[in-house]
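Results of the structural survey
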Amino acid sequence: MLSPAAVSLLTLSLFSYPISSEAATAKLNTIDFGGFKNSNAHDRRELLDILDKSLKEHHMVALSNVGVNELISQAREQAKDFFSTSTENKQKYYQGGVGSQGYVPSGYEKISRSEDMNPDSEKSSPDAPADALESLNYFIFDRALPTDVGPDGQLRETSKLLVTRLMDVFSGFHEMVGECLQTDFTSVMNNGLFQLRYASYYGMSEQKAADIIEKGGLRCGSHTDYLSFTLLALDGVPGLQLFVNDSWHDVEVDSDAEIVVNSADLNAHWTNGRWPASRHRVALTSHLPRMSIVFFSGPNLESEIRVLDCKKCDSTNPKYPPIIASEHLKNRMEPTKKPEHESDDEVWKKTEEL
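Read on for an overview of the structure. Please read all numbers here as calculations on a predicted model, not as lab measurements. (Residues numbered from 1 in each chain as written. Predicted model: local features only at pLDDT ≥ 70, side-chain atom pairs only at ≥ 80, totals over all residues. Heavy atoms only, no water.)

A few points about the nonpolar core
Selection rule: Residues grouped as a nonpolar core are buried Ala, Val, Leu, Ile, Met, Phe, Trp, Tyr and Cys residues, joined through side-chain atoms within 4.5 Å. The buried label applies to any residue whose accessible area, calculated with a 1.4 Å probe on protein chains only, is under 20% of its type's maximum; exposed applies above 50%, and partly exposed to all values in between. The helix count covers DSSP runs of H or I at least four residues long, the strand count covers runs of E at least two residues long, and both are numbered beginning at the N terminus. The contact definition used throughout considers only heavy atoms, calling two residues in contact when any of these lie within 4.5 Å.
Counting 63 residues, the largest nonpolar core has Tyr-138, Leu-162, Phe-173, Leu-196, Tyr-198, Phe-229 and Phe-295 as the members making the most contacts within it. The element contributing the most residues to this core is helix H5 (residues 154-181), with 12 residues. Sequence-distant contacts of Leu-162, that is, excluding residues within four places in its chain, are made with Leu-71, Ile-72, Ala-75, Leu-196, Tyr-198 and Ile-293. Counting 10 residues, the second largest nonpolar core, distinct from the first, contains Leu-28, Met-60, Leu-240 and Val-294.

Overview of the pairing of strand E10 (residues 240-244)
Definition in use: When DSSP finds at least two bridges between two strands, those strands are taken to pair.
Burial within E10 is extensive, with four of its five residues counted as buried. With three bridges connecting them, E10 and strand E13 (residues 280-282) associate as antiparallel partners. In the sheet register, Leu-240 faces E13, and the bridge partner there is Val-282. As defined by bridge partners, E10 adjoins strand E11 (residues 247-252) across four bridges and the pair is classed as antiparallel. Each residue of the ladder has a partner; that of Phe-243, found in E11, is Trp-248. Where E10 folds back on E11, the antiparallel hairpin that results is connected by two residues, among which Asn-245 adopts a positive phi of roughly 55°.

Description of the state of the cysteines
Quick reminder of the rule: Pairs of cysteine sulfur atoms within 2.5 Å are what we label disulfides.
In the structure shown here, the tally under the stated rule is one disulfide. For Cys-310, the disulfide goes to Cys-313, at an S-S distance of 2.0 Å. Where Cys-310 bonds to Cys-313 through sulfur, the torsion about that S-S bond is close to 75°, and the disulfide is right-handed. In terms of burial, Cys-310 and Cys-313 fall into one category: buried. Just so you know, Cys-180 is unpaired, no disulfide at all, and the nearest cysteine sulfur is the one on Cys-310, 9.1 Å from it. The exposure class assigned to Cys-180 is buried, which follows from its relative accessible area of 1%.

Examining the side chain of Ser-228
As a reminder of what qualifies: A 3.5 Å cut-off defines polar contacts: any pair of N or O atoms within that distance qualifies, except that in protein one atom must be a possible hydrogen donor and the other a possible acceptor, and neighbouring residues in sequence count only when both atoms are side-chain atoms.
For Ser-228, the location among the structural elements is in the loop between strand E8 (220-223) and strand E9 (229-233). Here Asn-267 takes part through its side chain, which lies 3.2 Å from a polar atom of the side chain of Ser-228.

Points about the pattern of salt bridges
Convention followed: Salt bridges are defined as contacts in which a side-chain nitrogen from Lys or Arg sits within 4 Å of a carboxyl oxygen from Asp or Glu.
The final tally for this structure, using the stated rule, is 14 salt bridges. Linking Asp-49 and Arg-45 is a salt bridge whose minimum nitrogen-to-oxygen distance equals 3.6 Å. Highlighted residues: Asp-49 and Arg-45, both in helix H2 (residues 41-57), separated by four residues, approximately one helical turn. Overall, Asp-49 belongs to the partly exposed group, its relative accessible area being 42%. Using a relative accessible area of 35% as the deciding quantity, one classes Arg-45 as partly exposed. In this structure, the salt-bridge partner of Glu-304 is Arg-306, at a minimum N-O distance of 2.8 Å.

Thoughts on the packing of aromatic side chains
Both the distance between ring centres and the angle between the ring planes are used here to describe each pair of aromatic rings. Quick reminder of the rule: In this scheme Phe, Tyr and Trp rings, the latter by its six-membered ring, pair at centre separations within 6.5 Å, and the angle between planes marks the pair as stacked below 30 degrees, edge-to-face above 60, and tilted otherwise. Criterion for a charge above a ring: Arg CZ or Lys NZ at most 6 Å from the ring centre, at most 35 degrees from the ring normal.
One pass over the full model with this rule turns up 13 aromatic pairs. Aromatic side chains Phe-170 and Phe-194 sit 5.8 Å apart centroid to centroid with 50° between the ring planes, which places their arrangement in the tilted category. One end of the pair, Phe-170, is in helix H5; the other, Phe-194, is in strand E7 (residues 193-201), with 24 residues separating them in the sequence. The class for Phe-170 is buried, based on a relative accessible area of 1%. Judged by relative accessible area, which is 8%, Phe-194 ranks as buried. For the ring pair Phe-194 and Phe-295, a centre distance of 6.1 Å and an interplane angle of 20° mean the geometry is stacked. Within this pair, whereas Phe-194 is found in strand E7, its partner Phe-295 is found in strand E14 (residues 290-298), the two being separated by 101 residues in sequence. These aromatic residues form a ring-pair network of at least three members: Phe-173, Phe-185, Phe-229, Trp-270 and Trp-275. Over the ring of Trp-248 we find Arg-281; its NZ or CZ atom is 4.2 Å from the centre of that ring.

Structure below.
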C-alpha cells in the first residue's frame, strides 16, 4: 500500500458555475516533488513508479511541495493587470502572432488545427471559431527572459524570478525522469528551448459562452503540446479536460497540487510510445475569466529525436522514425495560425469587440 507521502488522489474542486460539463472526471496522481530528493530508497522507488504509471495512463501528473505558489500568484495578478489594459497598449507588444514572442490577440490562434497533422486525431472543424484566449509569450534561452519582449515594470521583474524558479523545477523533474527511465535525460535537454506563456481566457456573458459552444468553439481547442514536458499552473477556474479511454474527462486538482505536468509529443518518440502525449483542451465549463501560466520545455531544436537508450523504451524496436525537433515544431505550429484571408486589422477589431 502506498504511503500518503508518496501519493494523494486529486479531489473535486469546490466551485459552482452556471455552465456545466458533461465530461467524466480524471483523478491525477500527485507526487511530493519537494520531498523526492530526501526520500529513502523505498519511497523514492514508489514515487518513480507513480510517475511512470501516471505518464503511461493519464499522460499527466501533478506536483506538490514545489514552492512556487506565492510567485505564481504574483505573476498571475500582474498578468491580469496587463491583459486588462487597452487594445492599443497591448498592440505595442505584438511581434507577429502565433509562433512569435510577445502579445498574441484573441482570434489569431486555433490550436486544434495542429491536430490536422496527426493521422490518429479527429480533424478540426473549419467553421469553429478561433480559441477564446489572448496570450503573452517569452522564449527562454540561457535561463534568461528576453529584454525586448512584453511590458516593463513589475510583470517583467516577477517573470524573471518565475523563469529562474521554473527552470530549477524542470532540472529536478528531468532528473526524476532520467532516474525513472534509467537514462541520462538531463543531457537530452541541454541547450533546449523553453517558453513562458501567460494565457488569458476572457470572461463573457452566459449567452456569449452558449453561442461559442453552439458553434463548436472552445477556450482552447484539442491538442497535444509539441515538444517535451509542460508545467501548468491553474487558477482554480475549471475547464481543463484530458482525453483518455476514448472520451473527455475534467481534470481534478488537489488543493496541495501546485503544478500539473503534461507529457508532450517528443516524449512519445523518446520512450517509444511508453509515455504518450496528453491530448487536452480547455472547455467552456465556466463563463468566468481564467488565467493559466504555462512553461514549455523542449530540446535543442537542431537535435535529432529518436528512441532513448533505455530498457523501458525498447529501443531495439522503434515505432517512430527519427525527426529533427525544429521540423516537428514547424509542422505542428504552422496550421494553428489565423486564416490567410483575415487581415491583422480584422483580428484587432475582433479583439476590441471582445
